[in-house]
Amino acid sequence: MSRKNYMLLIEFPYPSGDLHIGHWYTFAVSDILARYLRMKGEYEVMFPIGFDAFGLPAENAAIKHETTPAAWTEQSVERMTAQLKSMHASFDWDRMVNTSHPDYYRWTQWIFLKLLEQKLAYRASTVVNWCPKDKTVLANEQVTDGLCERCDTPVEQRELEQWMFKTTAFADELTDDLEDLDWTETIKSAQRNWIGRSTGARIRWALRIPGMKDDESVLETFTTRADTLFGATFVVISPELGKKWLSTGWEAPSHVRAYIEEALGKRELDRLEGGKEKTGVDSGAAAVHPLTGETVPVWVADYVLGSYGTGAIMAVPAHDQRDWDFAKAHNLPIVQVIASKDKAPTDRAFEDEGALINSPGYDGMPCDLAAKAIAKALKEKGMGRPETQYKLRDWVLSRQRYWGCPIPMVKCPSCGYVPVPEDNLPVKLPALEDFKPADDGRSPLAKATDWLSVKCPQCGEKAERETDTMDTFVDSSWYFLRYADPKNAKTFADPKYLKEWMPVPLYIGGPEHNTMHLLYARFITKALHAGGHLSFKEPFTARRNHSVILGADGNKMSKSRGNVVDPDHEVATYGADTVRMYLAFMGPYSDQTMPWDPNGIVGLHRFLKRVRALYEKEPVKETDADIERMLHAATKKISADIPELKYNTAISELMKTLNGIEEHSSALTKKQRERFLLLLAPFAPELTEELQKGIHDETWPEYDAKLLRTAIVEVPVQVNGVLRGHITLAPDASETDALFAAKQDEGVQRHLADKEPRKVIYLPGKLLNLVV
Ligand code: ANZ
Ligand code: ZN
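Residues numbered from 1 in each chain as written. Chains lettered and ligands numbered in written order. Predicted model: local features only at pLDDT ≥ 70, side-chain atom pairs only at ≥ 80, totals over all residues. Heavy atoms only, no water.

### Describing the pairing of strand S2 (residues 43-46)
What counts, and what does not: Strand pairing is assigned whenever DSSP detects at least two bridges linking the two strands. Helix and strand labels come from DSSP, where a helix needs a run of H or I of at least four residues and a strand needs a run of E of at least two; each type is numbered from the N terminus. Call a crossover right-handed when, viewed with both strands pointing away from you, the route from the first strand across the helix to the second goes clockwise.
Two elements, strand S1 (residues 4-10) and S2, share 4 bridges in a ladder whose sense is parallel. When the sheet's bridge partners are listed, methionine 7 is paired in S2 with methionine 46. After leaving S1, the chain enters helix H1 (residues 21-40) and then returns to the sheet as S2, a path that is right-handed.

The structure is reproduced here in C-alpha cells:
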C-alpha cells in the first residue's frame with residue numbers, strides 16, 4: 001500500500017540577508033515534526049523551503065549597497081541557504097522555489113491571465129495610499145499612524161487607475177468555509193472580522209432640500225438594526241457623500257461646504273477614533289421618515305465613512321453610542337424604542353436587545369422579529385430591502401515599483417489593454433541600472449524603453465507594456481502549489497502531483513499573517529478552483545501560529561533595543577542541536593510570547609553533554625526493568641506530544657528519563673540505548689546521527705502498553721509519619737526508585753527541606769515513610 005503524502009508547510013522567508021532567531025524558531029523547531037513524521041513512516045513527508053524574493057526592501061538594500069535588487073537578492077538567498085543548512089533541518093532542497101525567478105513568476109503571470117479571463121482581475125480607479133517618498137501605493141496595513149511603514153513619510157491619498165483582484169466575489173465563501181477548517185479560533189475570527197460581513201437593511205429616505213423640488217432626490221442608509229427605525233431622530237451623511245451632492249448641484253451653505261472640505265483632509269483613522277469629540281454640521285436638508293412621514297434633519301459628520309455601506313446612516317442615539325455622543329454634542333433629540341429592563345438610560349445608549357416601544361404597530365415585539373417585520377413593511381412600500389454589507393475590499397495589486405512580477409498586459413492606443421498571449425510568458429523583468437521610480441510617479445519600468453515598446457498582440461500596431469508590477473502578496477499566494485511540482489515548465493503544477501500533495505495538512509506561520517496572506521492564498525485557491533484548475537477550495541486544512549521569541553528583557557527583539565539574539569553566534573558557541581532544542585524547550589510552540597534566557601540554553605547544552613557521556617559507557621547485557629519501563633513511558637509521552645506541537649513537554653520527558661537512567665548508574669543495554677537515541681533524534685539530529693549512523697532513516701519506536709499498565713501503582717509518601725504526597729511507580733520498584741520519585745514530589749520536597757532522610761521505611765506498592 002502506498003503511503004499518504006504530508007506536506008509540512010512553513011511560511012517561506014523573505015531573503016533579508018541574514019537569518020534571525022525567528023527563522024530558527026520557525027524552521028528548526030518545525031523540523032522536529034518533519035523528522036518525527038518521517039520516522040513514523042505513515043506518510044511520505046515533504047518539508048519544502050523557498051524564498052519570497054521580490055519586494056521593496058531589496059530595492060532599498062540595493063540602493064544602500066550600490067548593487068541591483070537582483071544581485072542583492074541572489075546574494076542574500078545564497079547566504080541564507082548556507083545558514084539554513086547549518087540548522088540540519090531536513091528540507092527538500094530540490095523543491096526550492098524563488099518567486100523572483102522567471103520559471104516561477106511565469107506562472108504568477110499565468111494566474112493573473114486566468115483571473116482576467118474569469119473577470120476576477122480588472123482595472124479601476126481607486127483612492128489609494130500614496131507614499132510621496134517611496135513613490136508607491138501602500139496597503140492600509142503598510143500605513144502606521146498616517147506614516148509610511150518603511151520611511152515614516154506622511155502618506156497622501158491619491159486617485160489612481162490600478163489592477164485589482166475581485167476578492168469580494170468570494171466574500172461569502174471566504175467567511176462560510178472557515179467553519180470546516182482546523183484553524184485556531186483567533187485566526188478564524190481575524191479572517192471573519194477582516195471580511196466583516198454584516199446583514200441588515202437598506203432604507204430609502206425622500207429628501208427635502210431647500211431650493212430643490214421635493215421629489216427630486218432620495219437618500220439611502222444601511223443599518224443592521226432596522227428594528228430601531230422609529231428611534232431615528234436624524235440622518236447623517238459622510239463628507240464624501242456631501243461632496244458628491246455638491247458636484248451634482250446641491251447649493252449648500254458655505255459653512256457646510258467648508259466643513260466637508262476640512263473633513264475630507266483628515267485620515268480615516270482619526271475620524272473613527274473613539275472618545276474624541278464628534279464634529280458635524282446641519283446640512284439644512286431634511287429626510288422623510290419612510291414609515292411615519294415625519295421629517296428629520298440631515299447632518300454631515302465625519303464619523304460616518306464614505307467607503308462603507310451607503311455612506312449615510314440613520315442615527316438612533318438612544319441605541320447606538322456613536323449617535324448618542326453626537327446627539328448630546330449637538331443637542332439632537334433622543335427617543336428610546338427598545339425597552340431596557342431598568343429605567344430609561346440617561347448616561348449612555350442602550351445597545352442591548354429587548355422588546356420594542358414607541359414604535360406604532362410593533363410595540364412589544366422582540367428586536368429580531370421586529371427587524372424582519374419592519375424590513376418587510378419597507379419593502380412593500382418600495383422604501384427598503386434586506387442587504388448584506390462587507391468590510392472586505394477588492395485587492396489592489398498594482399505597484400509602481402521595479403522589483404516585482406511584471407503584469408502581463410499591453411496597452412494599445414486602439415485596442416486598449418490586451419493580455420500578453422500565454423505562449424509569450426514570462427514577460428521578463430528587464431535589467432535596469434536606474435530602478436528608482438520616475439519623478440512623475442510612473443513606474444521605473446517606464447524607463448526600460450526597449451522592453452517597453454511592443455507590438456499589440458491583437459492588431460499588431462505599436463503599443464506599450466504595462467509598467468506596474470504586482471503586489472508581492474500575489475507571489476506568495478500560490479507558492480505551496482508550486483512545491484508539489486516545482487520544475488514543471490508546462491503548467492504551474494501537474495494535477496497528478498497536486499492531487500498527491502494538496503491541500504496542505506498543516507501550515508505553520510506567524511500571527512502577522514492572520515489576515516492578508518492567509519486570505520489572499522485562500523482567494524487565489526478559490527479563483528483557480530472556480531476556473532477549473534484546482535479540485536479543492538481551501539488550501540490549508542490546519543493552520544497554527546508559532547510562538548514569538550522576545551529578547552531577554554521581555555521586549556520584541558530589535559536592533560535599537562540591543563536585545564537581538566544572533567543565532568549564528570549561539571550556534572558557534574553551543575552547536576545547532578542545542579539552539580534548536582532550547583528554542584523548542586522554551587515553551588509551547590503555538591500562540592505564546594517567550595523571552596530568551598541565556599542561562600536556559602546553557603542547561604540544554606549540559607543535557608546533550610550528559611547524553612554523550614551516556615554513550616561513552618559500555619552497554620550492559622542485563623535489561624533493567626525500571627529503565628525499560630521509563631523508556632516505554634517516555635516513548636508514549638513523546639509520541640503524543642510531538643504531533644500536538646508540545647515539544648517543550650516532550651523534551652522535559654527526555655530529561656526526566658535521562659535523570660532516571662543516571663540514577664540507575666546509566667546501565668543501558670544496546671537496545672535501550674538505541675530507543676533513547678531514537679526518541680532524541682528529531683530534537684538533536686546532529687548528535688544522534690554522530691552516535692548512530694543512519695538513525696534518521698530508522699523507524700520510530702513503539703511502546704509496550706502492557707509494561708506501562710503494571711507501572712501505575714500509587715504509593716503514599718509520609719515524612720515523619722505524616723502524609724505529604726503520592727508517587728506513581730511499579731509495584732515492585734526498588735527502594736532507590738521510590739526514594740528518587742519521592743524527592744520529585746513537591747510536598748515531600750518541602751518537608752525534606754534538602755535533608756537526606758535518616759531512616760527509610762519502604763513497603764513496595766504500599767507505603768514509603770521517610771524519617772528526618
Ligand atoms: C442604525 C443603528 C441603530 C445602528 C443601532 C446600529 C445600532 P456593522 O455591524 O459594522 O456593519 N453604519 C452604517 N454605515 C456606516 C458608515 N458608512 N459609517 C459609519 N457607520 C455606519 O455596523 C453597521 C451599523 O453601523 C449600522 O447600523 C449603522 O448604524 C452604522 F441601535 O444603523 B446602525
Ligand atoms: Zn491593438
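Now that the structure has been shown, we can carry on.
### A closer look at the coordination of the zinc ion (ligand 2)
Heads up, the rule is: Water is not part of the atom set, so a site may look incomplete; the donors themselves are N, O and S atoms within 2.8 Å of the metal, or 3.2 Å for Na, K and Ca. In short, tetrahedral needs four donors with all angles between 85 and 135 degrees, square planar needs four and octahedral six donors with opposite donors over 155 degrees apart and all other angles between 65 and 115, and whatever is left is irregular.
Within the first shell, the zinc ion (ligand 2) binds the protein through Cys412 (SG), Cys415 (SG), Cys456 (SG) and Cys459 (SG), at distances of 2.2 to 2.4 Å. Considering all 4 donor atoms around the zinc ion (ligand 2), the spread of angles at the metal, 106 to 114 degrees, places the coordination shape in the tetrahedral class.

### Observations regarding the pattern of salt bridges
This is how it is decided: Every case where a carboxyl oxygen of Asp or Glu lies within 4 Å of a side-chain nitrogen of Lys or Arg is listed as a salt bridge. A 1.4 Å probe rolled over the protein chains alone gives each residue an accessible area, and that area as a share of the maximum for its type sets the label: buried under 20%, exposed over 50%, partly exposed in between.
Scanning the entire structure with this criterion turns up 34 salt bridges. As a salt-bridge pair, arginine 544 and aspartate 182 come within 2.9 Å of each other at their nearest N and O atoms. Taken together, the residues span a long stretch of sequence, with arginine 544 in strand S26 (residues 542-545) and aspartate 182 in strand S10 (residues 182-183) at a distance of 362 residues. Since its relative accessible area comes to 40%, aspartate 182 is described here as partly exposed. The shortest N-O distance in the salt bridge between lysine 447 and aspartate 434 comes to 2.9 Å. Residue lysine 447 is found in the loop between strand S21 (416-419) and helix H12 (449-452), and its partner aspartate 434 is found in the loop between S21 and H12; the two are separated by 13 residues along the sequence. The exposure class of lysine 447 is partly exposed, given its relative accessible area of 32%. For aspartate 434, a relative accessible area of 37% gives the class partly exposed.

### Looking at the site of ligand 1
Applicable threshold: Nearness here has a simple test: a residue counts as near a molecule or strand if at least one of its heavy atoms is within 4 Å of that partner. Think of a polar contact as two N or O atoms within 3.5 Å of one another; within protein, one of them needs to be a possible hydrogen donor and the other a possible acceptor, and neighboring residues in sequence only count if both atoms come from side chains. Only the protein chains shown count as cover for residues, and the accessible areas themselves come from Shrake-Rupley with a 1.4 Å probe. Classification used: nonpolar for Ala, Val, Leu, Ile, Met, Phe, Trp, Tyr, Cys and Pro, charged for Asp, Glu, Lys and Arg, polar for all others including Gly.
Taken together, 17 residues lie around ligand 1, and Ser198, Thr223, Leu305, Tyr308 and Lys391 are the ones closest in. Between ligand 1 and the protein, one listed contact pairs an oxygen atom with a side-chain N or O atom of serine 198 at 2.5 Å. Between an oxygen atom of ligand 1 and a side-chain N or O atom of arginine 322, the distance comes to 3.4 Å. If ligand 1 stood free it would expose 650 Å²; the protein chains cover 86% of that surface. Among the elements of the structure, strand S12 (218-223) and strand S16 (312-315) are those that each provide at least two residues to the shell around ligand 1. Looking at the shell around ligand 1 residue by residue, the class counts come to 8 nonpolar, 5 polar and 4 charged.

### Examining the sheet that holds strand S20 (residues 409-412)
This is how the line gets drawn: The axes used here are C-alpha line fits, helices contributing only the stretch in contact, and every angle between their N-to-C directions lies in the interval 0 to 180 degrees.
If you trace the 4 strands from one edge of the open sheet to the other, you get S21-S20-S23-S22, paired in antiparallel fashion. Each of the sheet's edge strands pairs with one partner strand only, and the pair in question is S21 and strand S22 (453-455). Across this sheet, the average inter-strand angle for adjacent strands is 45 degrees, counted without regard to direction. With 3 bridges joining them, S22 and strand S23 (residues 462-465) adopt antiparallel strand pairing.

### Quick word on the packing of helix H19 (residues 598-616) against helix H22 (residues 670-680)
For clarity, the threshold we go by: The cut-offs work like this: below 35 degrees is roughly parallel, past 145 is roughly antiparallel, 65 to 115 is roughly perpendicular, and the gaps in between are oblique. Less than a right angle of anticlockwise turn of the near helix away from the far helix marks a crossing as left-handed, whereas a clockwise turn marks it as right-handed. Only heavy atoms matter for contacts: two residues are in contact if any of them lie within 4.5 Å across the pair.
As a packed pair, H19 and H22 sit with axes 11 Å apart at the nearest point and diverge in direction by 155 degrees. Between H19 and H22, the angle is such that the two are roughly antiparallel. For the crossing formed where H19 meets H22, the hand is left-handed. Listed contacts from H22 to Phe607, Leu608, Val611, Leu614 and Tyr615 of H19 are Arg673, Glu674, Phe676, Leu677 and Leu680. Class assignment of the residues belonging to the contact of H19 with H22 gives a composition of 8 nonpolar, no polar and 2 charged.

### Structural notes on empty space enclosed by the protein
Rules: Any residue with an atom within 4 Å of a point lines the site, the site being either a cavity, points on a 1 Å grid over the protein atoms alone where a 1.4 Å probe fits but cannot get out, or a pocket, an open set with protein on both sides within 12 Å along at least 5 of 7 lines. Grid points are joined across faces, edges and corners, and a volume is the space filled by probe spheres set on the points.
One pass over the full model with this rule turns up 1 cavity of 30 Å³ or more. By volume, the largest cavity amounts to about 30 Å³. Taken together, Leu614, Lys617, Glu618, Pro619, Ser666, Leu668 and Arg673 form the lining of the largest cavity. Classifying every residue of the lining of the largest cavity by side-chain character gives 3 nonpolar, 1 polar and 3 charged.

### Things to note about the packing of aromatic side chains
What counts here: Aromatic rings from Phe, Tyr and Trp, taking only the six-membered ring of Trp, are treated as a pair when their centres fall within 6.5 Å; an angle between ring planes under 30 degrees marks them as stacked, one over 60 as edge-to-face, and anything in between as tilted.
Counted according to the given criterion, the structure contains 36 aromatic pairs. For the pair tyrosine 104 and tryptophan 478, a centre-to-centre distance of 4.4 Å together with 15 degrees between the ring planes defines the contact as stacked. On the criterion of sequence distance, the pair formed by tyrosine 104 in helix H4 (residues 102-117) and tryptophan 478 in the loop between helix H13 (472-475) and helix H14 (479-483) is long-range, its members being 374 residues apart. Judged by relative accessible area, tryptophan 478 falls into the buried class, the value being 1%. Judged by centre distance (6.2 Å) and plane angle (90 degrees), the rings of phenylalanine 222 and tyrosine 308 are edge-to-face. Of this pair, phenylalanine 222 sits in strand S12 while tyrosine 308 sits in the loop between strand S15 (295-301) and S16, and the two are 86 residues apart along the sequence.

### Examining the pairing of strand S31 (residues 759-763)
In this structure, S31 lies alongside strand S32 (residues 767-771), joined through 5 bridges in antiparallel fashion. Counted as the bridge partner of leucine 763 is leucine 767 from S32. The antiparallel pairing of S31 with S32 creates a hairpin that spans 3 residues between the two strands, and glycine 765 there sits at a positive phi of about 80 degrees.

### As for the environment of cysteine 148
Along the polypeptide, cysteine 148 turns up in strand S8 (residues 147-148). For cysteine 148, a relative accessible area of 1% puts it in the buried group. The sequence separation of cysteine 148 and lysine 133 amounts to 15 residues, and the corresponding C-alpha distance is 8.9 Å. Excluding anything up to four places from it in sequence, cysteine 148 contacts Cys131, Asp134, Leu138, Gln142, Thr153 and Val155.

### Considering H1
Defined as follows: By this rule, a helix spans an expected 1.5 Å times one less than how many residues it contains.
Spanning 20 residues, H1 covers 29 Å between terminal C-alpha atoms, matching the ideal 28 Å at 1.5 Å per step. Burial within H1 is extensive, with 17 of its 20 residues counted as buried. Glycine 41 occupies a position one or two residues after H1 and carries a positive phi of about 80 degrees.

### Section: the sheet that holds S31
As summarised here, the arrangement of the 4 strands in space is S30-S29-S32-S31, forming an open sheet in which the pairing is mixed. In the strand order of this sheet, the two ends are held by strand S30 (722-729) and S31, each with one partner. Taking each pair of neighbouring strands and ignoring which way they run, the sheet shows an average axis angle of 20 degrees. By the bridge criterion, 3 bridges tie strand S29 (residues 713-719) to S32 in an arrangement that is parallel. Looking across to S32, one finds that valine 719 is bridged to leucine 770. Relative to the sheet, helix H25 (residues 735-744) contacts S29, S30, S31 and S32, its axis offset from that of S30 by approximately 115 degrees.

### Some words on unusual backbone geometry
The linkage connecting leucine 425 with the following residue, proline 426, adopts the cis geometry, with an omega of 0 degrees. Topologically, proline 426 is positioned in the loop between S21 and H12. Omega for the bond connecting methionine 502 with proline 503 falls within 30 degrees of zero, at -10 degrees, which places this linkage in the cis form. Topologically, proline 503 is positioned in the loop between helix H15 (495-501) and strand S25 (506-509). For asparagine 331, which is not glycine, the phi torsion reads 60 degrees and is therefore positive. Locating asparagine 331 in the fold gives a position in the loop between helix H10 (321-330) and helix H11 (367-380). Residue asparagine 331 is classed as exposed on the basis of its relative accessible area of 72%. For aspartate 754, which is not a glycine, the phi torsion comes out positive at approximately 70 degrees.

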